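Coordinate analysis (summary)
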Amino acid sequence: RPTIFQLSYRFWRKVYQKSSFSVIYDCEALWFRRDEEMLRLYNDGIRFPSLEMGDVSPAEKELLNTAEKRNEIKLLGMADIVVAVSENEKEIASQLYPEADIRAIGHIMGQENLSESPNGFNKRRGILFVASFDNKMYYNGDSIWYFLKEIYPSILLKSEINLTIAGRNIPDYLRRYTNRLDLDRYVTFMESPEDLRPLFESHRMFIAPHLYGSGIQFKLSEALSFGIPCVMSKLSADAFAITEESKVACIGPDPESFTSCVLSLDRDELQWNTFRENGISFIQQTHSRQQVLKVWSGVIQEATRKYRKMKAAERISMANEGQMVKHVLFTNDLWAASHVCPEGETLYMKLFPDVRDAVKAGLFPSAYQHW
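Everything in this summary refers to the structure shown in the same document.

What counts as what
Residues numbered from 1 in each chain as written. Predicted model: local features only at pLDDT ≥ 70, side-chain atom pairs only at ≥ 80, totals over all residues. Heavy atoms only, no water. Buried < 20%, exposed > 50% of the residue type's maximum accessible area, 1.4 Å probe, protein only. Helix = DSSP H or I, 4+ residues; strand = E, 2+ residues; numbered from the N terminus. Pairing = 2+ DSSP bridges. Right-handed = clockwise from strand over helix to strand, strands pointing away. Contact = heavy atoms within 4.5 Å. Axes fitted to C-alpha atoms, helices over the stretch in contact; angles between N-to-C directions. Phe/Tyr/Trp six-rings, centres within 6.5 Å; stacked < 30°, edge-to-face > 60°. Lys NZ or Arg CZ within 6 Å of the ring centre and 35° of its normal. Core = buried A, V, L, I, M, F, W, Y, C linked by side-chain atoms within 4.5 Å. Expected span 1.5 Å × (residues − 1). Salt bridge = Lys/Arg side-chain N within 4 Å of Asp/Glu carboxyl O. Disulfide = S-S within 2.5 Å. Polar contact = N/O pair within 3.5 Å; in protein donor to acceptor, adjacent residues only side chain to side chain.

**Details of the pairing of strand 2 (residues 81–84)**
The side-chain alternation of strand 2 yields two buried faces, one formed by Ile81 and Val83 and the other by Val82 and Ala84. For strand 2 and strand 3 (residues 102–104), the ladder comprises three bridges, and the chain directions are parallel. Across the sheet, the residue bridging to Val82 is Ile102, located in strand 3. With helix 5 (residues 87–96) bridging strand 2 and the parallel strand 3, this β-α-β connection has right-handed handedness.

**Thoughts on the sheet that holds strand 6 (residues 187–191)**
The strand order across the open sheet built from six strands is 6-5-4-7-8-9, with neighbouring strands paired in parallel fashion. The open sheet has two edge strands with one neighbour each: strand 6 and strand 9 (250–251). With respect to the sheet, helix 6 (residues 140–158) is in contact with strand 4 (127–132), strand 5 (163–168), strand 6 and strand 7 (205–208), its orientation differing from that of strand 4 by roughly 155 degrees. Strands in contact with helix 9 (residues 218–225) are strand 4, strand 7 and strand 8 (230–232); relative to strand 8, the strand with the most contacts, it is inclined by about 150 degrees.

**Let's talk about the packing of aromatic side chains**
Summed over the entire model, instances satisfying the criterion amount to 18 aromatic pairs. When the ring of Tyr16 is compared with that of Phe330, the centres are 5.7 Å apart and the planes differ by 65 degrees; the resulting orientation is edge-to-face. With Tyr16 in helix 1 (residues 2–18) and Phe330 in the loop between helix 13 (289–319) and helix 14 (342–351), this residue pair connects regions lying 314 residues apart in the sequence. Among the residues examined, Phe330 registers a relative accessible area of 22% and is labelled partly exposed. Seen from their ring centres, Phe200 and Phe226 are 4.9 Å apart, and the 20 degrees between their planes marks the pair as stacked. One end of the pair, Phe200, is in helix 8 (residues 197–202); the other, Phe226, is in the loop between helix 9 and strand 8, with 26 residues separating them in the sequence. Three or more aromatic residues link up through ring pairs in this structure, and these residues are Phe48, Tyr138, Tyr139, Trp145, Tyr173, Tyr177 and Tyr212. One Lys or Arg, Arg47, reaches over the ring of Tyr42 and ends 4.3 Å from the middle of that ring.

**Considerations on helix 9**
Among the eight residues that make up helix 9, six are buried, leaving the element largely enclosed by the rest of the structure. When we look at burial in helix 9, the residues that qualify are Leu220, Ser221, Glu222, Ala223, Leu224 and Ser225. Elements that come into contact with the buried residues of helix 9 comprise helix 8, strand 7, strand 8, helix 10 (234–239) and helix 12 (269–286). The first or second residue beyond helix 9 is Gly227, which carries a positive phi of 80 degrees.

**Looking at the nonpolar core**
Formed by 45 residues in total, the largest nonpolar core has its most connected members in Phe147, Tyr152 and Leu163. Those elements that provide at least two residues to this core are helix 2 (32–43), strand 4, helix 6, strand 5, helix 7 (172–180), strand 7, helix 11 (255–267) and helix 12. Counting residues per element, this core draws most heavily on helix 6, at nine residues. Among residues more than four places away in sequence, those in contact with Tyr152 are Ile127, Phe147, Ile161, Asn162, Leu163, Leu183, Tyr186 and Val187. Of all hydrophobic cores here, the second largest spans 27 residues; its members include Ala208, Ile216, Ala223 and Ile242.

**Examining helix 4 (residues 58–76)**
Every α-helical turn comprises 3.6 residues, leaving residues that sit three or four positions apart pointing alike. Taking 1.5 Å of rise per residue, 19 residues should cover 27 Å, and helix 4 covers 27 Å from first to last C-alpha, within 8% of that figure. By the burial criterion, the buried members of helix 4 are Lys61, Leu64, Asn65, Ala67, Glu68, Asn71, Glu72, Leu75 and Leu76.

**Points about the pattern of salt bridges**
Evaluation of the coordinates by the stated rule reveals 17 salt bridges. Measuring nitrogen to oxygen at the nearest pair gives 3.1 Å for the salt bridge that ties Asp44 to Arg40. With relative accessibility at 56%, the residue Asp44 sits in the exposed group. Look at Arg40 and you get partly exposed, because its relative accessible area is 41%. Across the salt bridge formed by Arg103 and Asp101, the nearest N and O atoms sit 2.8 Å from each other. A relative accessible area of 26% means that Arg103 is categorised as partly exposed.

**Things to note about the state of the cysteines**
As enumerated under the stated definition, the model contains one disulfide in all. Across the disulfide from Cys250 sits Cys261; the S-S distance is 2.1 Å. Looking down the S-S bond of the Cys250 and Cys261 bridge, the torsion is -80 degrees, so its handedness is left-handed. With Cys250 in strand 9 and Cys261 in helix 11, the pair connects residues that are eleven residues apart, well separated along the chain. For the pair Cys250 and Cys261, one class covers both residues: buried.

**Describing the side chain of Ser143**
The topology assignment puts Ser143 in helix 6. Overall, Ser143 belongs to the buried group, its relative accessible area being 3%. In this structure the side chain of Ser143 is engaged in a polar contact, spanning 3.4 Å, whose partner is the side chain of His210. Filtering out sequence-adjacent residues up to four positions away, Ser143 remains in contact with Phe129, Pro209 and His210.

**What to know about the sheet that holds strand 1 (residues 24–26)**
Hydrogen bonds along the backbone pair up the strands of a sheet, which may run parallel or antiparallel. Sheet architecture is open: three strands sit in the order 1-2-3, paired in parallel fashion. At either end of the open sheet lies a strand with only one pairing partner, and these are strand 1 and strand 3. Going from strand to strand, the sheet's axes swing by 25 degrees on average, the running direction of each strand aside. Pairing analysis gives three bridges linking strand 1 to strand 2, with the strands arranged parallel. Bridging from a neighbouring strand, Tyr25 pairs with Val82 of strand 2.

Here it is as structure tokens:
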């Protein structure tokens, strides 16, 4: 992940000077894109609760997001090979840093989930949303808030379809907001369910109404593997390179089309079965262990080849008494403040708990040492 590489790249430089190696950077996702898109939508008028209730102003968050983007782009150039989680993420990363060698490797999804559920269309009811919240509205909380505010009321005007919100540490704000909209009788909250299978096998559809994010959503992969048809925002679908024509999921780029997708899947058994079958097929083709391990094997072989090439270049430069060839790990330094600013440090540590925890643990004397 970007945060881990940022925290550790100086350490790896020290290790490299004693024992050289190739660097494969599995970046998981371009994290800065979440805040970048959230701020754009906020400026367009979508008042996400995570920003409205946050410790920092949108202007301050925008400033920090600019610094994070700069750092994440530099990280792309500090590895022999960069691994992105999807073709969509690979394409974006390649545009940001064309010189980087970037490969796309997705998630492995256990094929045991693909067994046919005994529960068909008529034995299922309602809408399911599953996420990890950690008592925060950021990302997952904002997405279901948007669904409750802009989409769900339109659905209920035409059909009383119940909604289940399940996850770890669901924010109280969502419960209060649901009560404020008088939706309590339709919405059920399930805190930290031990087993998601009963939920996947009893609900008629799964939703991913996210408007900002990066990488791919593992819960969508899991839902598709269980054979529960999914309704996705355009952002969620694009992350998987899922198109409307593929009929893998019903895509709703705006509240009206999202509402239409939910109502269609709830009423049309033939369409429901089509999305169910195509979703399972999609997971079989893109998330199999054999396929993912094959791609990883190719990446490791290429990293080994680059290592040998680098060592040969080092030997040649030493023999010719020329300038020592530098590994890409040494070619960039992350953006850093020119002097310590207590207010800026407090702000940065509020936004990035992992850095705060590292400072408290004594790994770095300050957030600026991390930078």
